[in-house]
Amino acid sequence: MLVQNAVEALEILENNDVIWCQSMAATPYKLLEGLAEVALQRRNLTLLQLHTEHSEILSDPQLEGHLRQRAYFVGKSTRAAVNQGLADYVPIFLSEIPKLFRSGEQHLDAVLIQVSPPDQHGNCSLGISVEATRAALQVARKVIAWVNPQMPRTHGDSFISLKQIDRYFEFSAPMPLHLQPEQSAITTQIGERVASLINDGDCLQMGIGAIPDATLRCLGNHQDLGIHTEMFSDGVLPLVESGVINNSRKRKHRGRIVTTFAMGSQALYDFVDDNPMVAFLDVEYTNDTSVIRQNKQVMAINSALQIDLSGQVCADSMGTKIYSGVGGQMDFVRGASLSEGGRSVIALPATACGGTVSRISSMLNPGAGVVTTRAHVHYVVTEYGVANLRAKSLTERAEALINISAPQFREELAKQAWQDWGLKVRTS
């Protein structure tokens, strides 16, 4: 049913409804603006989500008792609310979220989506973010949509018939842009070191940010790279154009880039628009280790906030303060390890806070979340070098990590290795 605006579309929500919101750059933020108004006339609404764009309005304290956000991944829009107790964070592997919906373990009443206009067959597209939204659409009884002519029409698991949508409104607005960050000497060095670990024919998984972009810029002389990832951004575009990324050696979806969402510039959104080379698939599938491992030479590239001397990786919090989420890091670290010839990399700057804090520490800060365990970590890369932790003892790990930490912290880390762990290590 076509209506005039977001508020009218959302009038079908009822007290106590549990709502899923399509996330990432496809966040239906016009619907969220309307939800902030409609929720004041309702009680006890719950909004489930991943990272959402332009959703700060939902953190208004006036919504307490009317609407509470429940985030499976925390972003800029929800970080303050979560850490102030105004919203909830649920640690979970990204691949597990659709299973919660399909099994009924997490009840859903409604879904909020942003879609492209219907094609000649009446099918709209979820565009640049499929993630767990496909699963939500299969179980929720109310579907509310913003039809945006500027949403790219993507291929894969993205299609939904206009007949399945209970209420929708039309409004044209640009997609949120995430432009490539400027490179520093540090991110360039890290990118070069990560790139040195990548072989011809590797199937890559990477995230968004300066380090993945720096790595991709160093791959111009490689051959036959593939992409099977949960997300990608602009860094892949020059490599696709030059033929370096051609997906020719993949066993799964040969010749196609596989992802579940994309974030970047308008050039990226133009690239994925109506492009059958790119398959946007359900995250339960893209992040399934049994699927990932079927490709040879999977190379998973991820980041961290802090790593301790045993190799435990914290990627979702700064102590007890939640920063992001578990996401798909472990899905791909494990999937890569199970792949024939597969490897994984955790790449991060050696320091934080202007060089005053070492990201490699003897122990994680109290309350820090272990996203990737020490048993799963393979390579760790900083601007100072590469540490291979696979099959290494605690002493060997501590020594390797100290030797890629910032030089000004190495002596103290060696002392702490003995004091905290009883490990005698040598530093370079």
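None of these values were measured; they are calculated from a predicted model. Along each chain, residues carry numbers from 1 onward, in the same order as the chain's sequence is written. For this predicted model, a pLDDT threshold of at least 70 governs which residues receive local features, and a threshold of 80 or more governs which side-chain atom pairs are given and counted, while totals over whole chains, interfaces and linings are taken from all residues. With hydrogens and water set aside, each side-chain value is computed from the structure's full complement of heavy atoms.

Brief notes about the UniProt feature "domain: Acetyl-CoA hydrolase/transferase N-terminal" (unreviewed entry) in the protein chain
Here, UniProt's "domain: Acetyl-CoA hydrolase/transferase N-terminal" (unreviewed entry) annotation points to residues 7-168. In DSSP terms, a helix is any run of H or I states spanning at least four residues, a strand is any run of E spanning at least two, and both are numbered starting from the N terminus. Regarding residues 7-168, the helix share stands at 22% and the strand share at 23%, and the terminal C-alpha atoms are separated by 10 Å. UniProt positions are given in the numbering used here, feature names are shortened, and annotations may be inferred rather than shown by experiment.

Side note on helix H7 (residues 210-217)
Counting buried residues in H7 gives seven out of eight residues, a clear majority hidden from the surface. Residue burial is assigned from relative accessible area. The probe radius is 1.4 Å, only protein chains are included, and a residue is buried under 20% of its type maximum, exposed over 50%, and partly exposed in between. Residues Ala210, Ile211, Pro212, Asp213, Ala214, Thr215 and Leu216 constitute the buried set of H7. We call two residues contacting when some pair of their heavy atoms lies within 4.5 Å. On the buried face of H7, the contacting elements are helix H6 (185-195), strand S11 (203-205), helix H8 (237-242), strand S17 (298-303) and strand S22 (343-347).

Some details on the nonpolar core
With 72 residues, the main nonpolar core has Trp20, Tyr72, Phe101, Ile113, Leu204 and Phe232 as its most contacted residues. Among the elements that take part in this core, helix H9 (residues 266-272) stands out by supplying four residues, more than any other. For the domains described, the bounds stem from an automatic or database domain assignment. Counting contributing residues, this core receives three or more from each of domain 1 (6-170) and domain 2 (185-421). When residues no more than four places from it in sequence are discounted, the contact partners of Tyr72 are Trp20, Leu48, Gln49, Leu50, Tyr89, Val90, Ile92, Ile97, Leu100, Phe101 and Gln106. For our purposes a nonpolar core is just a set of buried Ala, Val, Leu, Ile, Met, Phe, Trp, Tyr and Cys residues, chained together by side-chain atoms within 4.5 Å.

Regarding the packing of aromatic side chains
Any two of the Phe, Tyr and Trp rings considered here, Trp counted by its six-membered ring, make a pair once their centres fall within 6.5 Å; the pair's planes then place it as stacked at under 30 degrees, edge-to-face at over 60, or tilted in between. Applying the stated rule across the entire model yields five aromatic pairs. An angle of 90° between the planes, with centres 5.1 Å apart, marks the rings of Tyr29 and Trp146 as edge-to-face. Highlighted residues: Tyr29 in helix H2 (residues 29-38) and Trp146 in strand S7 (residues 142-147), separated in sequence by 117 residues. For the residue pair Tyr29 and Trp146, the accessibility class agrees, reading buried in each case. Aromatic side chains Trp146 and Phe171 sit 6.4 Å apart centroid to centroid with 50° between the ring planes, which places their arrangement in the tilted category. Linking Trp146 in strand S7 with Phe171 in the loop between strand S10 (167-170) and H6, this pair joins segments that are 25 residues apart in sequence. The class for Trp146 is buried, based on a relative accessible area of 0%. Think of it as a cone above the ring: NZ of Lys or CZ of Arg counts as a charge over the ring if it is within 6 Å of the ring centre and within 35 degrees of the ring normal. Just above the ring of Tyr323 sits the side chain of Arg79; from NZ or CZ to the centre is 3.9 Å. Taking the ring centre of Tyr384 as reference, the NZ or CZ of Arg410 above it sits at 5.7 Å.

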